[in-house]
Amino acid sequence: MSQPEILNQAFELGFTYTRSTGPVVGRFLTELKNRRIVGIKASDSRVVVPPMEYDPDTAEELSEFVEVGEQGEIVSFAWVKEPREAHPMDVPFAWAMIKLDGADVPMIHCVAAASEGDVKTGARVRAVWADETIGFITDIRCFELV
Amino acid sequence: MANLAAVVGIGQTKYTTKRTDVSIAGLVREAAVNALKDADLGWDDIDAVIIGKAPDMFEGVIMPEIYLTDALGCNGKPMLRVHTAGSVGGSTALVAASHVQSGTFKRVLTVAFEKQSESNAMWALSNPQPFSTHLNAGAGGYFAPIIREYMRRSNAPYDVGIKVAVKDRLHGARNPLAHLQKPDITMKEVEESFMLWDPIRFLESCPSSDGACAMIIANEELAEQAPKSPAWIRGGAMRSEPTMFAGRDEVNPQAGRDCAADVFQQAGITDPRKELDVAEVYVPFSWYEPMWLENLGFAPVGEGWKLTMDGATSLIDGGDIPWNPSGGVLSSNPIGASGMIRFAEAARQVRGDAGDHQVAGAKLALGHAYGGGAQFFSMWVVGSEKP
């Protein structure tokens, strides 16, 4: 028996949004444009990267920015064997939690590596900047193994 | 028997078109900090946070409550999100109050917000659907035919809506937090403003605002220790009905009538116009004032517009039942917060803390919100005296 024809219609729903990033995330993004990475000092002296607006323990406003290094180490990672269109790289790469030098918590970014075996907890990485920086997280194109 | 609860702190932001200087977190934070200051309390004094906003699609931040815990001092505490479309600010306050009335928490912070400058509220309210013509209607387009039907049924003069638009903007000019500041507005100016959704003119419509409103609600023992007068919650009710069903009366929705009957019964009110001193009612399009005057029982069906035209709802004209002395939704509309602003402004009135838009000697006030296709209702009655 043949399948009945199913009624269908192409349908796309989309909206445009604007973001006001505020004084803390806004500063982080502006510093990226200048090829610098900043975190913020929390009440217990930990340096949090990317910076957060309010202290996770006391809820007080945070304002003490701290520049951290472009290099750091991999805390944990996931290897992407078959990148899809939405991924930042078209060759196999790693998503990684990277603790930058001078930071106390890791941030997520992508790591370029020739093979899965090269990526390890504790491996040293360094930021690779985009040719043109515009104040987006993608100003750091990726991290590469040192 | 529920325990008593009262508003002990109120905080708002200045309503405006764009708050580009703050993130969404910074905006809600500002209202919450203002409420804590008003109550002379700190983050540690709060047991839980109850937050509300309109659909996530507005700003495109899915489940924003999760990212707002830091900003609201809620790490390690319960964070609860409420969502009932435009009435959400009201229902959020009621959910917060019920957590105190039940004895679950002693003192809660409740916050509602909208950052319309980051959002796409117009189209998020008017999604295209497959196999249908896209009306591009928005909220005004949805309510316009309902308003026209009210005009037909009531035979009201054509300028009732114009009068409400002027009255609420003159009220708003007395409230420094109000978004629109139009102290010189005239009937002629409103009448000549362009027809946005026939029969709703541009100046008969609410603005699009950024803003947040917060309240602290405490149990009886803590409310009695509060440094400023508490606003005692004398009744609270919510009702819902589907957007569309055969026989639904969209001009005078059953859910609104039932909700009003419930909240007035709890507060021991039989004649709201006579017994209440002031009402803050959700009027985003001017004609909703006469419509809700009837729906809430302040006037017989078909006669709400007479109160408006007689100046009964005007603070400036010395009316006996001022509606929206703060300027109402017609003067400020951060959608998700608008209902809570009505509830908070009712509380400010009975605390005697409403500044230049204070109704002299107000002891009993109604806060009202509606949402969706006028299908979600939330209301509370607050008083200066304990029930």
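Residues numbered from 1 in each chain as written. Chains lettered and ligands numbered in written order. Predicted model: local features only at pLDDT ≥ 70, side-chain atom pairs only at ≥ 80, totals over all residues.

Digging into the overall build of chain B
- Broken down by element type, chain B carries 14 helices and 11 strands.
- Expressed along its principal axes, the backbone C-alpha trace of chain B runs to roughly 55 × 50 × 45 Å.
- When the 387 residues of chain B are sorted by exposure, 58% land in the buried category.
- Within chain B, contacts between residues separated by at least 24 positions form 79% of all contacts whose residues are at least 6 apart in sequence. (Helix = DSSP H or I, 4+ residues; strand = E, 2+ residues; numbered from the N terminus. Buried ≥ 20, exposed ≤ 12 C-beta atoms within 10 Å, placed from the backbone. Contact = placed C-beta atoms within 7 Å.)

Description of unusual backbone geometry
- Val49 of chain A connects to Pro50 of chain A through a cis peptide bond whose omega is -10 degrees.
- On the secondary structure map, Pro50 of chain A appears in the loop between strand S2 (47-48) and strand S3 (65-68).
- Following Asp198 of chain B, the chain continues to Pro199 of chain B via a peptide bond in cis, the omega torsion being 10 degrees.
- Of note in this structure, Arg35 of chain A is not a glycine but carries a positive phi near 60 degrees.
- Residue classification places Arg35 of chain A among the partly exposed residues on the basis of 13 C-beta atoms within 10 Å.
- Even without a glycine there, the phi angle at Asp40 of chain B is positive, about 55 degrees.
- Relative to the helices and strands, Asp40 of chain B resides in the loop between helix H1 (24-39) and strand S2 (48-53).
- Classification of Asp40 of chain B as exposed rests on a count of 12 C-beta atoms within 10 Å.

Overview of the environment of Phe136 of chain A
- Here Phe136 of chain A lies in the loop between strand S7 (124-129) and strand S8 (140-145).
- The exposure class of Phe136 of chain A is exposed, given the 11 C-beta atoms found within 10 Å.

Let's talk about the confidence of the model for chain B
- Confidence in the prediction for chain B averages 95 pLDDT; 100% of positions are at 70 or higher.
- With a pTM of 0.95, the predicted complex shows an ipTM of 0.88. (pLDDT = per-residue confidence, 0-100.)

A word on the pairing of strand S1 (residues 37-41) of chain A
All names here are of chain A.
- Within S1, four of the five residues are buried, which leaves it mostly tucked inside the rest of the structure.
- Here S1 runs beside S3; their pairing, made up of four bridges, is antiparallel. Within S3, the position partnered with Ile40 by the bridge is Phe65.
- Looking at chain direction, S1 and S2 are connected through two bridges and run antiparallel. (Pairing = 2+ DSSP bridges.)

Focus on the nonpolar core
- Among the nonpolar cores identified, the biggest contains 154 residues, and Val111 of chain A together with Val28, Val111, Ile217 and Val382 of chain B are the most heavily contacted of them.
- Apart from residues lying up to four places away in sequence, Val382 of chain B is in contact with Val7, Ala231, Trp232, Ile233, Arg234, Ala346, Ala347, Val350, Ala365 and Gly367 of chain B. (Core = buried A, V, L, I, M, F, W, Y, C linked by C-beta atoms within 7 Å.)

A word on the sheet that holds S7 of chain A
Residue and element names in this part refer to chain A.
- Around the barrel, which closes on itself, the five strands sit in the order S4-S5-S6-S8-S7 with mixed pairing between neighbours. Strand-to-strand twist across the sheet, computed as the mean angle between neighbouring axes with direction ignored, equals 50 degrees.
- Taken together, the five bridges between S7 and S8 define a ladder with antiparallel strand orientation. Note on S8: the bridge partner recorded for Trp129 is Ile140. (Axes fitted to C-alpha atoms, helices over the stretch in contact; angles between N-to-C directions.)

Considerations on the sheet that holds strand S1 (residues 5-12) of chain B
Residue and element names in this part refer to chain B.
- If you trace the nine strands from one edge of the open sheet to the other, you get S3-S2-S4-S7-S1-S8-S11-S10-S9, paired in mixed fashion. Here the strands that pair on one side only, and so sit at the sheet edges, are strand S3 (79-82) and strand S9 (278-280). Each strand axis lies, on average, 25 degrees off the axis of its neighbour in the sheet, ignoring direction.
- Both strand S4 (residues 107-115) and strand S7 (residues 210-219) contribute to a ladder of nine bridges, which runs antiparallel. When the bridges of S7 are listed, Phe113 appears paired with Ala212.
- Across the face of the sheet, H1 comes into contact with S1, S4 and S7 while running at roughly 130 degrees to S1.
- Where helix H3 (residues 88-101) meets the sheet, its contacts fall on S1, S2, S3, S4, S7, strand S8 (231-240), strand S10 (364-371) and strand S11 (376-383), and the angle it forms with S2 comes to roughly 160 degrees.

A short note on H3 of chain B
Residue and element names in this part refer to chain B.
- In a regular helix each residue adds 1.5 Å, so 14 residues correspond to 20 Å; H3 covers 19 Å between its end C-alpha atoms and thus fits that length.
- Counting buried positions along H3 yields 13 of 14 residues, so the element is predominantly enclosed.
- The positive-phi residue at the C-terminal boundary of H3 is Gly103, with phi of around 90 degrees. (Expected span 1.5 Å × (residues − 1).)

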